[in-house]
Amino acid sequence: MKASRKSSTRHKWGEKVRFPLKTEQQCSRCDMVKVGRREGGPAGYWDEFWRGEERIHCTATPACDARREVTA
Ligand SMILES: [Zn+2]
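Just so it is clear, the structure is predicted and the values come from calculations on it, not from any experiment.

Description of the overall build of the protein
A count of helices and strands for the protein gives one helix and five strands. Shown N-terminal to C-terminal, the secondary structure of the protein runs as helices and strands in the order β-β-β-β-β-α. Within the protein, the fraction of its 72 residues that count as buried is 7%. Contacts spanning at least 24 positions in sequence make up 25% of the contacts within the protein whose residues lie at least 6 apart.

Quick look at the structure:
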C-alpha cells in the first residue's frame, strides 16, 4: 500500500507528563496541549485542550493543523 497524504491530520501526542491531579501531552505537530484533569470519582475526569495561554472550547478533540510541519 502506498503512503497517501491525508487531509485530516492526527495529533502526534508526545510523552504524557503526570501531575497529582492532571496529565499533560503536547502535540509535536501543532503545539496543542491536551490536559487530562482528574477530580476523583468515575465522572470526575475530563480533557481540556490548550494552545499557548488560550483554552480551546470544544466538545471533541480539535483537529490538528500541523502548523509546525507546514512551516518546517
Ligand atoms: Zn496536533
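Points about the sheet that holds strand S3 (residues 33–38)
Spatially, five strands are ordered S1-S2-S3-S4-S5 in an open sheet, and the strand pairing comes out antiparallel. Sheet topology places strand S1 (17–19) and strand S5 (54–56) at the edges, where each strand pairs with a single neighbour. In this sheet, adjacent strand axes meet at a mean angle of 30 degrees when their direction is disregarded. Alignment of S3 against strand S4 (residues 45–51), held across six bridges, turns out to be antiparallel. Residue pairing in the sheet places arginine 37 in a bridge with tryptophan 46 of S4.

A closer look at the environment of isoleucine 56
Checked against the element boundaries, isoleucine 56 lands in strand S5. Take isoleucine 56: there are 12 C-beta atoms within 10 Å of it, and that puts it in the exposed class. On a C-alpha basis, the gap between isoleucine 56 and methionine 32 in space is 9.4 Å, while along the polypeptide they are 24 residues apart. If we ignore the near neighbours within four places in the chain, the residues touching isoleucine 56 are Phe49, Trp50, Arg51 and Pro62.

Topic: the pairing of strand S2 (residues 22–26)
For S1 and S2, the ladder comprises three bridges, and the chain directions are antiparallel. Looking across to S2, one finds that phenylalanine 19 is bridged to lysine 22. Counting the residues in the hairpin turn of S1 and S2 gives two residues. Taken together, the five bridges between S2 and S3 define a ladder with antiparallel strand orientation. Considered in S3, the bridge of lysine 22 is made with arginine 37. Between S2 and S3, which pair antiparallel and follow one another directly, the connecting turn spans six residues, one of which, aspartate 31, has a positive phi of 70 degrees.

What counts, and at which threshold
- Residues numbered from 1 in each chain as written.
- Predicted model: local features only at pLDDT ≥ 70, side-chain atom pairs only at ≥ 80, totals over all residues.
- Helix = DSSP H or I, 4+ residues; strand = E, 2+ residues; numbered from the N terminus.
- Buried ≥ 20, exposed ≤ 12 C-beta atoms within 10 Å, placed from the backbone.
- Contact = placed C-beta atoms within 7 Å.
- Pairing = 2+ DSSP bridges.
- Axes fitted to C-alpha atoms, helices over the stretch in contact; angles between N-to-C directions.

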